[in-house]
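Listed below, chain by chain, are the residues.
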Amino acid sequence: MSELFDAVDALIASRSPLPPPAERKRLRQAHGLTLDEVAAALQVRRATVSGWEAGKTEPRPPERDAYARMLKQLAQLYPAGAPVPPEETAIPETPAVPAAPAPSAAEPVQACTAPTGPATEPANTALRPAAPAAVPRPAVSTRPTSRRPAAKKAAPASVPAGGADPRFENGPLAVVDVADGQVLAYCVGGLVLDVTAKSIPALVEWTLREGRFGQPKLSGPGKDADPLIVLTEAACEYYGLPVTLTQQERLAGRLPEGHKVIKQLTRAHWQLTKRGFGPWARIYRPAQGAERSCVQLCIPSWDALDTRHWADAGQLPPADLARLLSTYAARVMTPRGSTAVTGLELMTALHPPTRASEPDATGKRHSEHNPGSLGKDPVDCAPCEAPDGHPVLTDLPRFHHRTPAEVLVEEAYDWARPLTDAECLRLHLVGIDVNMAFAAGANGLTVGLGAPTHVKNPVFDPKLPGSWLVDLSHVDLSRVKLAKQWTDLDGELLPSPFTPKGERPTGPAWYATPTVAYAVELGYDVAPIEAWVRYDNGRYLDAWYQRLRDAYLATMADLGVHADMPPADFLAAMDGYRHRDPQLAIVVSAIKATVKGGIGKLRERPRGEGWKPGQPWRALARPTWRPDIRAAVISRTRINMHRKIVKHAAFTGQYPVAVLSDCAVYASDGPSPLDFLPYRDGKPLPGGFKLGVNPGLVKWEGTQSVLWGEGVRERFNAPELNLARYIKDGTVTDQDTGE
């Protein structure tokens, strides 16, 4: 028992007691100390001390012990009730304003502001120290001093700096909030600017003229990213916007045209895009020469940040939200809307449709097609690639149901089978999930860039992207070629690689090039009946993949999960990684959603707008509306999964019991992936499943008991219920509908 008491005493001694936040501030001011002096003595940033005094953060050892010692000595000199000199005595020429909350993973640099003045008059943006919210702001007539730090410390990887481009020294975006009537813009690295704008038009002007926000272009012929302003609920109220949209406004996705803020923009000669003033509003004036005048607004309280991808980011304090979004912007790009929209825009930003030509005889340059891009004009898809309702299908009878011989169906896996008797004797069902599976599927993939060409009785070319009508029903999975050697497998326990449901084809059907190429790889001849091929092609998605891969790996590294970790260390690092920094964990989710959403956006369906089958919808006018590219990526992703499954089966005799998109479930004697994945001397099976954080490698998804799996299937009377859908936490709320 004495050992327990000693442990408790040691635990208490490790946390030096501190007075309440308000008392900390009183003691400092009583001794005439400035925040800068305290910060210098403790070797921390000024905003860190401000956060301690505001109660927004708490010091940690070893700074906590030194801070407690200082406050204890001051408490002896200045007992409670002693008069406190005003804050202005320390910095007489610097107005005090509310402090920015300190980011959870890295301390901010000094805060920044501009003097208060009329909204129509430009004001110089000057750095100023942040002070606790309890200190009243001096009158407007107080002349502020321009205070910029002698040198800014480089922000850690988790907090991107504003960038080397002086045009965008304050970063790509700002979160605008209002506290005690003071409008503040929280920026990258803990920077805080004083906003003088009194209306939305004035806020747009301030952003473009004084804010110094934006992001350099990602490609030589591209364009710089427009600044992004995020409005909190308080900012919405301040600028005359509703905090939330009504049901009718949510359905319309915008404010009505007669709203007073829209009228203000019109009077100030600002325009809105066709999407109107919605959760992601773009406010612009027509470009004059090379100069763009455009600001994007993001309103989280209008559901701009989808909780499926951004979790509770919209509820974070302004400084934390600025840090989160700035990290995403620095590693991916400045958000342009939903993660799906941003994923699509990233493709264009990396491969702009046009570039400047070489000078002509008069020395002038002209806009010309940028090789390797999708161009600036949309191209028609092949009839087999068109979704139902597309204008190219207007000649089909109404309610006609297209067969596999009429429509290309390349979708992710959703397959399951009953457990064998031997599998029922095992204890566990273990799920493994492929990291960034669709990004890995896009890596190195040759896709069409131009319009398709129709060919009859073509010779299959695995290097030629397109859609092929071919009969693959003769491919027998019980005997396939692996590494040029014929291998016998239990084909009944494998999903077909050619259909999303894993069913064996029964006749000719349309497939993307990667699917047909895999049939050849397995050792079978193919004889296409017809095809729509694209002779103008290239690896359009390579840069897109590399950008998102690097963003994902850098953020996971910040969370303690590094590439090339040994399998056991990787599993340990992944355990609870989201709790190490919840904000960075949200960035990881947003990056993964950017991958899936960007691929899905290549075949965007009509969304209301009075659309009727046979009529074109808005997305068809985009050169990035390319269902053939989406099909190719999904095809390759599914084939990548099947290739690993087959190699694993050939080497171990183990077969999956369920596959859902990028997740496979195996019956195992142990609860860990290491209990069934083949590793020899720390090395995995070549071409099979390998644990790791890189795209294409796998992580542990979840483990449930075999009894759980059989019980769930019996309860819903569904012997082929896809257990991969519920393997993560074991919660099954309703019968599997495949959605």
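Presented here is a report on the structure given in the accompanying data block. (Residues numbered from 1 in each chain as written. Predicted model: local features only at pLDDT ≥ 70, side-chain atom pairs only at ≥ 80, totals over all residues. Heavy atoms only, no water.)

1. Considerations on the overall build of the chain
Counted only if it meets this: Counting from the N terminus, the helices are the DSSP runs of H or I reaching at least four residues and the strands are the DSSP runs of E reaching at least two. Only protein chains enter the area calculation, which uses a 1.4 Å probe; residues under 20% of their type maximum are buried, those over 50% are exposed, and those in between are partly exposed. Between two residues, a contact is recorded if the distance between any of their heavy atoms is within 4.5 Å. Each accessible area value is a Shrake-Rupley result obtained with a 1.4 Å probe; residue values ignore everything except the protein chains displayed when judging cover.
Scanning the chain from N- to C-terminus turns up 21 helices and 26 strands. Taken across its 739 residues, the chain has 52% of its residues classed as buried. Across the chain, every contact between residues at least 6 apart in sequence was considered, and the portion connecting residues at least 24 apart equals 71%. Accessible surface, the chain: about 34,100 Å² in total, of which carbon and sulfur atoms supply 53%.

2. Re the nonpolar core
This is how the line gets drawn: Residues belong to one nonpolar core when they are buried, are Ala, Val, Leu, Ile, Met, Phe, Trp, Tyr or Cys, and are joined through side-chain atoms within 4.5 Å.
Judged by nonpolar contacts, the single largest core of 107 residues is most densely connected at Trp310, Trp544, Met556 and Ile591. In this structure, Met556 is in contact with Val561, Met574, Tyr577, Val588 and Val693, ignoring residues within four places of it in sequence. Counting 35 residues, the second largest nonpolar core, distinct from the first, contains Val178, Phe213, Leu245 and Leu265.

3. Focus: the side chain of Ser668
Basically, it comes down to this: Polar contacts here mean pairs of N or O atoms no more than 3.5 Å apart (in protein, one a potential hydrogen donor and the other a potential acceptor; neighbouring residues in sequence count only if both atoms are side-chain atoms).
Structurally, the position occupied by Ser668 is in strand β23 (residues 663-668). A relative accessible area of 1% means that Ser668 is categorised as buried. There is a polar contact of 2.9 Å between the side chain of Ser668 and the backbone oxygen of Gly670.

4. A short note on the pairing of strand β9 (residues 291-298)
Put simply, the rule reads: Being paired, for any two strands, means DSSP has found at least two bridges between them.
Alignment of strand β6 (residues 228-231) against β9, held across 3 bridges, turns out to be parallel. From the neighbouring strand, Ile229 faces β9, where its bridge partner is Leu297.

5. Let's talk about the sheet that holds strand β13 (residues 428-434)
Using the following cut-off: Axes, fitted as lines to C-alpha atoms, cover a helix only where it is in contact. Angles between the N-to-C directions of the axes lie from 0 to 180 degrees.
Sheet architecture is open: 5 strands sit in the order β12-β22-β23-β13-β26, paired in antiparallel fashion. With one partner strand each, in any of the chains shown, β12 (414-416) and β26 (698-705) form the two edges of the open sheet. Strand-to-strand twist of the sheet, defined as the mean angle between neighbouring strand axes without regard to direction, takes the value 20°. Examined bridge by bridge, strand β22 (residues 658-660) and β23 share 3 bridges and lie antiparallel to one another. Residue pairing across strands places Leu660 opposite Cys663, the latter belonging to β23. In the packing of helix α20 (residues 627-652) onto the sheet, contacts are made with β13, β22 and β23, and the angle to β23 comes to roughly 15°. Across the sheet, helix α21 (residues 706-715) lies against β12, β13 and β26, angled at about 70° from β26, the strand it touches most.

6. Looking at the pattern of salt bridges
Let me state the cut-off plainly: Salt bridges are identified by distance alone: a Lys or Arg side-chain nitrogen within 4 Å of an Asp or Glu carboxyl oxygen.
All told, the structure shown has 37 salt bridges when counted by the stated rule. The salt bridge involving Arg209 is made with Glu205; its shortest N-O contact spans 3.2 Å. Taken together, the residues span about one helical turn, with Arg209 and Glu205 both in helix α6 (residues 200-211) at a distance of 4 residues. Classification of Arg209 as exposed rests on a relative accessible area of 59%.

7. Examining α20
We apply this condition: What a helix should span is 1.5 Å times the count of its residues minus one.
Taking 1.5 Å of rise per residue, the 26 residues of α20 would be expected to cover 38 Å, and the 37 Å separating its terminal C-alpha atoms lies within 8% of that figure. Most of α20 is tucked away: 19 of the 26 residues are buried. Gly653 lies just past α20 and shows a positive phi near 80°.

8. What to know about the packing of helix α12 (residues 339-350) against helix α16 (residues 542-558)
Note the cut-off: Orientation categories follow fixed angle ranges, with anything under 35 degrees roughly parallel, anything over 145 roughly antiparallel, 65 to 115 roughly perpendicular, and all other angles oblique. Handedness of a crossing is defined here by the sense of rotation of the near helix relative to the far one, left-handed for an anticlockwise turn of less than a right angle and right-handed for a clockwise turn. The residue classification treats Ala, Val, Leu, Ile, Met, Phe, Trp, Tyr, Cys and Pro as nonpolar and Asp, Glu, Lys and Arg as charged. All others, Gly included, are polar.
One can describe the packing of α12 onto α16 by two numbers: an axis separation of 9 Å at closest approach and a directional angle of 120°. For the element pair α12 / α16, the angle class is oblique. As for how α12 packs across α16, the hand of that crossing is right-handed. Taken together, the residues of α16 that come into contact with α12 (itself represented by Gly343, Leu346, Met347 and Leu350) are Ala543, Trp544, Arg547 and Leu548. Of the residues contributing to the contact of α12 with α16, the split by class is 6 nonpolar, 1 polar and 1 charged.

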